[in-house]
Amino acid sequence: MPSFHYEPTFTYNPSKITDGGTDQMRFELGDTVTDMGGISSALSDEEYGAILAKYGENWRRAKLKCLEAIVMKLSFEVNTSVDGLSYSLDARYERWKAMLDEAKREQQALGGAPRAGNPESLAPHHGTPYFYDDLHANRRKF
């Protein structure tokens, strides 16, 4: 039976931070140190690519999903101390968790109000549109 070995990639090209891809997401999240692979980077190129492929049409949602993936990944890291040398890995978690909480608040704030140029925002939960015919009609008069 052949064995499968997957080697994730970690790249960052600052000249592509406006392309709407992995490099822009890394830039916006501050995940730009890729020289130590998985040790220094929160997610691999493939993980960013998969999230962008699924949610790329809605950049804010894709960013939220990236943050959720990062926080979940970092939640398993623990603080370590060996012979006076200590690593406080929970500080990384707290930083990313604060970014996730802010992104969730932003998403909720935008969730109920319509946005210009986005007709889907008129009915955010596939229910009654935010604005509709006879919105201010007096129902008692009919």
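Residues numbered from 1 in each chain as written. Predicted model: local features only at pLDDT ≥ 70, side-chain atom pairs only at ≥ 80, totals over all residues. Heavy atoms only, no water.

Among the residues of helix 2 (residues 45-55), those classed as buried are Asp-45, Tyr-48, Ile-51, Leu-52 and Tyr-55. Each buried residue of helix 2 lies within a common arc of 135° when the element is viewed along its axis, so the set occupies one face. Across helix 2 from its buried face, at more than 90 degrees, point the exposed residues Ala-53 and Lys-54. Looking at the packing, one finds that the buried side of helix 2 touches helix 1 (22-29) and helix 3 (59-74). (Buried < 20%, exposed > 50% of the residue type's maximum accessible area, 1.4 Å probe, protein only. Helix = DSSP H or I, 4+ residues; strand = E, 2+ residues; numbered from the N terminus. Arc of directions from axis to C-beta. Contact = heavy atoms within 4.5 Å.)

Of the residues in the chain, 80% reach a pLDDT of 70 or more, and the chain-wide mean stands at 83. Taken element by element, the chain is modelled with least confidence in strand 2 (residues 85-87), mean pLDDT 85, and with most confidence in helix 1, mean pLDDT 96. (pLDDT = per-residue confidence, 0-100.)

Further remarks concern the side chain of Ser-41. Here Ser-41 lies in the loop between helix 1 and helix 2. For Ser-41, a relative accessible area of 1% corresponds to the buried category. Of note is the side chain of Ser-41, whose polar atom sits 3.0 Å from the backbone oxygen of Val-33. Excluding anything up to four places from it in sequence, Ser-41 contacts Phe-10, Arg-26, Asp-31, Val-33, Thr-34 and Arg-92. (Polar contact = N/O pair within 3.5 Å; in protein donor to acceptor, adjacent residues only side chain to side chain.)

Another point: the layout of surface pockets. Reported here for the second largest pocket is a volume of approximately 180 Å³. Glu-28, Leu-29, Arg-60, Lys-63, Leu-64, Leu-67, Met-99, Glu-102, Ala-103, Glu-106 and Gln-107 are the residues that line the second largest pocket. Elements with a minimum of two residues in the lining of the second largest pocket: helix 1, helix 3 and helix 4 (90-111). Per-element accounting of the lining of the second largest pocket gives the leading share, five residues, to helix 4. Across the lining of the second largest pocket, the residue classes tally to five nonpolar, one polar and five charged. (1 Å grid on protein atoms, 1.4 Å probe; cavity = no way out; pocket = protein on both sides within 12 Å on 5 of 7 lines; lining within 4 Å. Points joined across faces, edges and corners; volume = space filled by probe spheres on them. Nonpolar A, V, L, I, M, F, W, Y, C, P; charged D, E, K, R; others polar.)

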